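Observations on the three-dimensional arrangement
Residue strings, one per chain:
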Amino acid sequence: MMADVPESPFLNLAIPPHVKMIYLDHGATSFPKPQEVYELMDTFYRRAGVNPGRSGFDLCLEAGSFVDETRRLLCAFFGGTDPNRLVFGHNSTDALNLAIFGLIGKGDHVVTTHLEHNSCLRPIRTLQEDEGVEVDWVDFDDAGYVDPGEVVHRFKKNTRAVVMNHASNVIGTVQDVAPIGNACRERGIHLVLDASQSAGVVPVKMDDLGADVVCFTGHKSLMGPMGVGGMYVREGVEIRQTRAGGTGVESARRRHLERYPYRMEYGTPNLPGIAGLNAGVKWVNRLGLGAIHAHEMALWKTLRDGLSAIEGVTLHGQEPGGGERIGVLSFNVDGLEAMDTGTMLDVDSNIACRTGLHCAPMVHRHLGTDEIHGSVRFGIGPFNDREHIEKAVSAVAEIAASRRGGPVCTRV
Ligand SMILES: Cc1ncc(COP(=O)(O)O)c(C=O)c1O
């Protein structure tokens, strides 16, 4: 029997009729979006889809004010104090690249973790290989948590930054960032936080976490569309520019403007994306992070309990207790490659999930799942309900039953 989990209280949208699948890939992107996200993207772009802040005519001013209103909205969301330090970009990969390449360079040392996504790993490795930046990698424990003391223990005289994710996109653990952030602030080290998975489900407040830069993406739990994201940069933190281009103002200047938000924004912004993000964040604010998180975690618990009772299913980093987490769960069916399990879930049960390394190869090296090409990941979202979870558990149980005693299937 399933634990008593409420139906989704958030179903204020009409799921398009062609979407018959059970969507459990919210770790990759939230889908569908709240109705108002689609509506505002459409109505705002039709009404005032002109280049914001570039000219003085009325619609242009309206578009510019709307972008600024969205800056204020997100600045408050992340506990910032200066909306101009909320800068828009394409996604968190874009923001992380700007922050990492703009803050860290030759002679510096950086501390990061084995939980990171390639959007942190690859820029850091590039700096390591091309600029000789020293890197310390901190591992996570069996429950999926990094010991904050271990991060601080790695600090050296030339430590310039700690770069880490707030919530893991593979195992869903939310890291205890505050002690790391506090230690960073005491020593003038920058904490660059990847809030891709946490923003929109758990509080992400600059000062509570001690972050200097928080990078976010619009299309996951902030419920916005793809192609918009950005970062909040704390007062006093000046990221070196690694790009330059049009800002729409002070065009006679030879170099890109140094003041925020222009300092970190290049070219025409994604106005329809910002409109969708505006509506998405307002939706999240209206429902409340607490309610969204409680709903997703009730489903996660049912899913975790259901899957862990199935013989031949191995869960990764899903120990009960421990610290905080989000509704992301990784597992494997013994004897099957993740991709094959995913195909069976899709073809036989119409369940969408993500399989493979999830752009986080070091997590899989730690788990030992790199050798079998990763894990199956279910990512729970606000529109999932108890029936979705029951069907997912039954589908995995059937796959595991069909594999028991069968030959091991490996891909080459
Ligand atoms: C932890 C983490 N960091 C970074 C990213 C990159 O997000 P985006 O592809 O939107 O830039 C993701 C997306 O999967 C993620 O889960």
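None of the values given here were measured: they were computed from a predicted structure.

Rules behind the numbers
Residues numbered from 1 in each chain as written. Predicted model: local features only at pLDDT ≥ 70, side-chain atom pairs only at ≥ 80, totals over all residues. Heavy atoms only, no water. Domains from an automatic or database assignment. Contact = heavy atoms within 4.5 Å. Buried area = accessible area lost by both parts, 1.4 Å probe. Salt bridge = Lys/Arg side-chain N within 4 Å of Asp/Glu carboxyl O. Polar contact = N/O pair within 3.5 Å; in protein donor to acceptor, adjacent residues only side chain to side chain. Helix = DSSP H or I, 4+ residues; strand = E, 2+ residues; numbered from the N terminus. Nonpolar A, V, L, I, M, F, W, Y, C, P; charged D, E, K, R; others polar. Near = heavy atom within 4 Å. Areas by Shrake-Rupley, 256 points an atom, 1.4 Å probe, with all protein chains shown as cover. 1 Å grid on protein atoms, 1.4 Å probe; cavity = no way out; pocket = protein on both sides within 12 Å on 5 of 7 lines; lining within 4 Å. Sits in = over half its atoms within 2 Å of the grid points. Points joined across faces, edges and corners; volume = space filled by probe spheres on them.

**Side note on the domain arrangement of the protein**
In terms of domains, the protein is made up of domain 1 (12-33 + 288-403) and domain 2 (37-286). Centre-to-centre, using C-alpha coordinates, domain 1 lies 27 Å away from domain 2. Between domain 1 and domain 2, the contact holds 38 residues from the first and 40 residues from the second. Buried area between domain 1 and domain 2, both sides added, is near 3,200 Å², and the carbon and sulfur share of it is 60%. A per-residue breakdown of the area domain 1 buries against domain 2 is headed by Lys-33, Leu-289 and Met-362, which together make up 22% of the total. Between the two partners, domain 1 and domain 2, sit 0 salt bridges. For the pair domain 1 and domain 2, the interface holds 23 residue pairs in polar contact (both at pLDDT 80 or more). Secondary structure elements with two or more residues in the side of domain 1 that touches domain 2: α9 (289-308), β10 (328-333), α11 (361-367) and β13 (375-379). Of all the elements, α11 adds the most residues to the side of domain 1 that touches domain 2, at 6 residues. When grouped by side-chain class, the residues that make up the side of domain 1 that touches domain 2 number 16 nonpolar, 16 polar and 6 charged.

**Quick notes on the site of the ligand**
Near the ligand the following residues occur: Asn-91, Ser-92, Thr-93, His-117, Ser-119, Asn-169, Asp-194, Ser-196, Gln-197, Thr-217, His-219 and Lys-220. Within the side chain of Asp-194, a nitrogen or oxygen atom sits 2.6 Å from a nitrogen atom of the ligand. At 2.6 Å, a side-chain N or O of Thr-217 approaches an oxygen atom of the ligand. Relative to its free-state accessible area of 390 Å², the ligand is covered by the protein chains to the extent of 88%. When each cavity is represented as a set of grid points, the ligand is found to reside in the second largest pocket. Broken down by class, the residue content of the shell around the ligand amounts to no nonpolar, 10 polar and 2 charged.

**Regarding the layout of surface pockets**
Reported here for the largest pocket is a volume of approximately 300 Å³. Counting residues per element, the lining of the largest pocket draws most heavily on helix α2 (residues 58-77), at 4 residues. The class makeup of the residues in the lining of the largest pocket is 8 nonpolar, 6 polar and 4 charged. Here the second largest pocket is characterised by a volume of approximately 260 Å³. Ser-92, His-117, Ser-196, Gln-197 and Lys-220 are the residues nearest the centre of the second largest pocket, which is lined by 20 residues in total.

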